[in-house]
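Examining the three-dimensional arrangement
Residues per chain, in single letters:
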Amino acid sequence: MQKRYVSVKDLSVYTSFSVKSLYEWADSGQIPSIKYGSRVLFDLHDIDKIMEALKRNTSNPKNTTRKIIGDISCN
């Protein structure tokens, strides 16, 4: 059975974001969280939606590749 609600430490491993950043984002309301006593929990369904929305547009990877190669060539 996969967990749906996870601690900040588990979320840090899941997303590769620091625990400190996740706490700050939760406190400021940038990411949804559940506060229960002293515990803060995160719904992985919410986090997956946020991460999906943050993905860069890759509809034209040819232009992206040209930019990367151009940046490397300029160095």
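Here, the structure is the one placed above.
Right, let's walk through the structure included here.

**So, the pattern of salt bridges**
Applying the stated criterion to the full structure yields three salt bridges. Here aspartate 10 and lysine 3 are joined by a salt bridge, their closest N and O atoms 3.3 Å apart. Of the charged contacts in the structure, one is a salt bridge between arginine 4 and aspartate 43, with a shortest N-O distance of 2.9 Å. With arginine 4 in the segment before β1 (5-7) and aspartate 43 in strand β3 (residues 39-43), this residue pair connects regions lying 39 residues apart in the sequence. Judged by its relative accessible area of 37%, arginine 4 is partly exposed.

**Looking at the sheet that holds strand β2 (residues 34-36)**
The three strands lie next to each other as β1-β3-β2, forming an open sheet whose pairing is antiparallel. At either margin of the open sheet sits one strand with a lone partner, and together these are β1 and β2. Along the sheet, successive strands turn relative to each other by an average axial angle of 35 degrees, direction set aside. Alignment of β1 against β3, held across three bridges, turns out to be antiparallel.

**Remarks on the layout of surface pockets**
Here the largest pocket defines a volume of roughly 150 Å³. Around the largest pocket sit Leu11, Thr15, Phe17, Leu22, Trp25, Gln30, Ile31, Ile47, Ile50, Met51 and Leu54, which together line it. Looking at the lining of the largest pocket, the elements that each hand over two or more residues are α1 (8-15), α2 (19-28) and α3 (44-54). Per-element tally for the lining of the largest pocket: the top contributor is α3, with four residues.

**Quick look at the packing of aromatic side chains**
The final tally for this structure, using the stated rule, is one aromatic pair. Pairing phenylalanine 17 with tryptophan 25 gives two aromatic rings, centres 5.0 Å apart and planes at 80 degrees, and the pair type is edge-to-face. The exposure class assigned to phenylalanine 17 is partly exposed, which follows from its relative accessible area of 28%.

**Focus: the side chain of serine 12**
Mapped onto the elements, serine 12 comes out in helix α1. A polar side-chain atom of serine 12 sits 2.6 Å from the main-chain carbonyl oxygen of phenylalanine 17. Look past the residues within four positions of serine 12 in its chain and what remains in contact with it is Phe17, Ser18, Val19 and Leu22.

**Side note on α1**
Residues spaced three or four apart along an α-helix face the same direction, because each turn holds 3.6 residues. For α1, the full list of buried residues reads Val8, Leu11, Ser12 and Thr15. Along the axis of α1, the buried residues cluster in a sector spanning 105 degrees; they form a single face. Those residues of α1 that are exposed and aimed more than 90 degrees away from the buried face are Lys9 and Val13. Note on α1: the residue one or two positions beyond its end, serine 16, has a positive phi of about 70 degrees.

About the cut-offs
- Residues numbered from 1 in each chain as written.
- Predicted model: local features only at pLDDT ≥ 70, side-chain atom pairs only at ≥ 80, totals over all residues.
- Heavy atoms only, no water.
- Salt bridge = Lys/Arg side-chain N within 4 Å of Asp/Glu carboxyl O.
- Helix = DSSP H or I, 4+ residues; strand = E, 2+ residues; numbered from the N terminus.
- Buried < 20%, exposed > 50% of the residue type's maximum accessible area, 1.4 Å probe, protein only.
- Pairing = 2+ DSSP bridges.
- Axes fitted to C-alpha atoms, helices over the stretch in contact; angles between N-to-C directions.
- 1 Å grid on protein atoms, 1.4 Å probe; cavity = no way out; pocket = protein on both sides within 12 Å on 5 of 7 lines; lining within 4 Å.
- Points joined across faces, edges and corners; volume = space filled by probe spheres on them.
- Phe/Tyr/Trp six-rings, centres within 6.5 Å; stacked < 30°, edge-to-face > 60°.
- Polar contact = N/O pair within 3.5 Å; in protein donor to acceptor, adjacent residues only side chain to side chain.
- Contact = heavy atoms within 4.5 Å.
- Arc of directions from axis to C-beta.

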